[in-house]
Amino acid sequence: MYKEKLWTLERKYFSDGTNGSLWSGSQLICHTIELPWRDNQRKISCIPEGKYPLRLYQSVKFGTVLMVMDVLNRQDILFHPANNAMDELQGCIAPVMVHTGEGKGLRSQVAMQQMMKIAEMSLQRKQDLFLLIHTKQ
């Protein structure tokens, strides 16, 4: 039997960054920060809205993280810790516990650990994990 788990990332766009909230159903996993939208340009833009598969990935720099797969004209898009999108991200998504400004947040390491525990529970149940990104209504 095919099982799919869908996470939803609700974004708000600003000139200096993109802030989001990551949900598993009605459960808030954490908040997120990203670069501002700049037409999906590599290393300077967040990725386009859409639905993407997530996979575990072993990063030399960050350890076990999630990779966002099948992003048009992009690769190596990871969820990894960062507290300032403009200074620390090149198109990736950083989990944070609280937003402190546009593309800024606090306690990213804590948010990352919390997010990975939830992801690993789904993956241990043999569920495919997907990310749906859209604008917050």
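Every value quoted in this text rests on a predicted model; they were computed, and no experiment measured them. (Residues numbered from 1 in each chain as written. Predicted model: local features only at pLDDT ≥ 70, side-chain atom pairs only at ≥ 80, totals over all residues. Heavy atoms only, no water.)

Asks: Got a minute to help me understand the nonpolar core in this structure?
Replies: Generally speaking, a soluble globular protein has its nonpolar side chains buried in company with each other. Counting residues in hydrophobic clusters, the biggest one holds 34 residues, and the most contacted among them are Trp 7, Leu 22, Leu 66, Val 68, Phe 79, Met 115 and Leu 131. Those elements that place two or more of their residues in this core are strand E1 (4–14), strand E3 (27–34), strand E4 (50–59), strand E5 (63–68), strand E6 (77–79), strand E7 (94–96), helix H2 (108–124) and strand E10 (128–135). With 6 residues, H2 is the largest single contributor of residues to this core. Residues contacting Phe 79, with those up to four places away along its chain left out, are Leu 22, Thr 32, Leu 54, Val 65, Leu 66, Val 68, Ile 93, Met 112, Met 115 and Leu 131. (Core = buried A, V, L, I, M, F, W, Y, C linked by side-chain atoms within 4.5 Å. Buried < 20%, exposed > 50% of the residue type's maximum accessible area, 1.4 Å probe, protein only. Helix = DSSP H or I, 4+ residues; strand = E, 2+ residues; numbered from the N terminus. Contact = heavy atoms within 4.5 Å.)

Asks: Would you take a moment to explain the packing of aromatic side chains for this structure?
Replies: Here a ring pair, both rings aromatic, is described through the centre-centre distance and the interplanar angle of the planes. Tallying each qualifying case throughout the model produces 0 aromatic pairs. Sitting above the plane of the Phe 130 ring, Lys 51 keeps its charged end 4.9 Å from the centroid. (Phe/Tyr/Trp six-rings, centres within 6.5 Å; stacked < 30°, edge-to-face > 60°. Lys NZ or Arg CZ within 6 Å of the ring centre and 35° of its normal.)

Asks: Which parts of the structure should I look at to understand the pattern of salt bridges?
Replies: When their charged atoms lie close together, side chains carrying opposite charge are able to pair. Overall, the coordinates contain 2 salt bridges when judged by the stated rule. Here Lys 51 ties to Glu 4 by a salt bridge, and the two come within 3.0 Å at their closest N and O atoms. Placement of Lys 51 in strand E4 and of Glu 4 in strand E1 is noted, with a sequence separation of 47 residues between them. Classification of Glu 4 as partly exposed rests on a relative accessible area of 36%. The shortest N-O distance in the salt bridge between Glu 34 and Arg 11 comes to 2.7 Å. Within this pair, whereas Glu 34 is found in strand E3, its partner Arg 11 is found in strand E1, the two being separated by 23 residues in sequence. The class for Arg 11 is buried, based on a relative accessible area of 0%. (Salt bridge = Lys/Arg side-chain N within 4 Å of Asp/Glu carboxyl O.)

All quantities given are derived from atomic positions and should not be read as evidence of function.
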